[in-house]
Amino acid sequence: MLTSPDDATTPKQGRKRKRSTIERVVRWGPWHYRFWREIARWCYEQSLHNPAVVDAALGFPNHVELLQSYDAIRRETLEIALSGRLPANHEIMEQQRTLYEFDRKAWGMLPLRGYGYNYPANQDLIPALKSFLKRHPDVVSAAVSLFPPGKILRPHKGPFKGVWRFHLPLYVETLENSTTSCELMIDGVTYYLQEGEGFLWDDTFLHSAVNRSEQPRVVLLFDVFRHDQPFWLVGMSWVFLWVAQIWQHLQNMRERALLR
């Protein structure tokens, strides 16, 4: 479930110093992944034109199966998620550290599948989800996400437009004025998600999240391969997934993603 902290806005307090021209060239040259990421992003944006939020019935019809098994999935997932043993996202993936350092509140994450790369030991903990993932390889990523009370995820963009992002809230507190602890701002619009209500969107739009409650917030996150891509982008998307799988293997991500 990769995100791109480099696209994030800088907090008003503790701004980083402005990089020199040489430093920018080093960071954005063709020898660095950021250079190719921006080229790939440009290719997708020229061919895929969609709103930030889309109809799950059209983009991810198999989400109905998740809703049908919601009670079992919720029970099994919360037993793990609320145990206090989830690894922190930035501990699994060092590139996510800037999202932690924004407010110093650890974002709990339990990967089940990452861009086609399976985490068998974690999947075994949630049999109802393991069965669903086995039947649906087009769900290329799945993870349990736990936001602690007060957690703020600063504005950023996802790196890969070849998938849809699907949220399925499992543990959400209802707050005043019809708001909830599962608050998302996507492309300037704020959404409040409820338990058991799926939500499909494109995470390459600028977005942020916050948990304004005093309770943790637990959501299942899925990335679903987009079938509305032109044929030439489908090939690029599978190359992207293949590279991401190799990278996770080389980083020993399965070991780092185990329960604490």
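Before going into details, it helps to say that this report is about the structure given with it.

Parameters and conventions
- The numbers attached to residues start from 1 for each chain and follow its sequence in the written order.
- In keeping with the model being predicted, local features are shown solely for residues with a pLDDT of at least 70 and side-chain atom pairs are shown and tallied solely at 80 or more, while totals for entire chains, interfaces and linings include all residues.
- Water and hydrogen atoms were dropped before computing side-chain values, which therefore reflect all heavy atoms in the structure.
- For the purposes of this entry, the term helix denotes a DSSP run of H or I that reaches at least four residues, the term strand denotes a run of E that reaches at least two, and both are numbered from the N terminus.
- Only protein chains enter the accessibility calculation, which uses a 1.4 Å probe; a residue is then buried when its area is under 20% of its type maximum, exposed when over 50%, and partly exposed in between.
- Should any heavy atoms of two residues lie within 4.5 Å, those residues are considered in contact.
- For salt bridges, the criterion is a side-chain nitrogen of Lys or Arg within 4 Å of an Asp or Glu carboxyl oxygen.
- Every helix has an expected span of 1.5 Å times one less than the residues it contains.
- Paired strands, as defined in this entry, are two strands with at least two bridges between them according to DSSP.
- Fitted lines through C-alpha atoms give the axes, limited to the stretch in contact for helices. The angle between two N-to-C directions lies from 0 to 180 degrees.
- Each polar contact in these results corresponds to two N or O atoms within 3.5 Å; when the atoms are within protein, one needs to be able to donate a hydrogen and the other to accept it, and residues that are neighboring in sequence are counted only if both atoms are side-chain atoms.

### Focus on the overall build of the chain
Right, on to step 1. Within the chain one finds 11 helices and 11 strands.
Right, on to step 2. The 260 residues of the chain split such that 49% are buried.
Right, on to step 3. Sequence separation of 24 or more characterises 78% of the internal contacts of the chain that already satisfy a separation of 6 or more.

### Comments concerning the pattern of salt bridges
Right, on to step 1. Applying the stated criterion to the full structure yields 11 salt bridges.
Right, on to step 2. The residue Asp103 makes a salt bridge to Lys151 at a minimum N-O spacing of 3.0 Å. Highlighted residues: Asp103 in the loop between α7 (97-101) and β2 (108-114) and Lys151 in the loop between β4 (139-147) and β5 (152-156), separated in sequence by 48 residues. Accessibility classification places Asp103 together with Lys151 in one group, the buried group.
Right, on to step 3. A single salt-bridge network, built from bridges that share partners, covers Lys161, Asp202, Arg226 and Asp228.

### Focus on helix α5 (residues 70-81)
Right, on to step 1. Here α5 spans 15 Å end to end across 12 residues, near enough to the 16 Å set by a 1.5 Å rise per residue.
Right, on to step 2. Listing the buried residues of α5 in full gives Tyr70, Ile73, Glu76, Thr77, Leu78, Ile80 and Ala81.
Right, on to step 3. Where α5 is buried, its residues meet α4 (63-68), β2, α9 (127-135), β4, β6 (163-171) and β11 (217-225).

### Quick word on the pairing of strand β10 (residues 207-210)
Right, on to step 1. Neither face of β10 is left uncovered, since the one carrying His207 and Ala209 and the one carrying Ser208 and Val210 both have all their residues buried.
Right, on to step 2. Alignment of β5 against β10, held across 3 bridges, turns out to be antiparallel. When the sheet's bridge partners are listed, Ile152 is paired in β10 with Val210.
Right, on to step 3. Alignment of strand β7 (residues 183-186) against β10, held across 4 bridges, turns out to be antiparallel.

### Topic: the sheet that holds β7
Right, on to step 1. Pairing is antiparallel in the open sheet, where 4 strands are placed in the order β5-β10-β7-β8. Either end of the sheet is taken by a strand with one partner, and the two such strands are β5 and β8 (189-192). The mean angle between the axes of side-by-side strands here comes to 15°, regardless of whether they run parallel or antiparallel.
Right, on to step 2. As judged from the 4 bridges shared by β7 and β8, these two strands associate in the antiparallel manner. By the bridge assignment, Ile186 is partnered in β8 with Val189.

### Observations regarding the side chain of Gln229
Right, on to step 1. Position of Gln229 among the secondary structure elements: in the loop between β11 and α10 (231-250).
Right, on to step 2. Within the structure, Gln229 has its side chain in polar contact with the backbone oxygen of Arg226 (distance 2.8 Å).
Right, on to step 3. A distance of 2.5 Å separates the side chain of Gln229 from the side chain of Ser237, its partner in a polar contact.
Right, on to step 4. In this structure Gln229 touches Tyr44, Leu48, Gly162, Val234 and Ser237, once residues within four positions along its chain are discounted.

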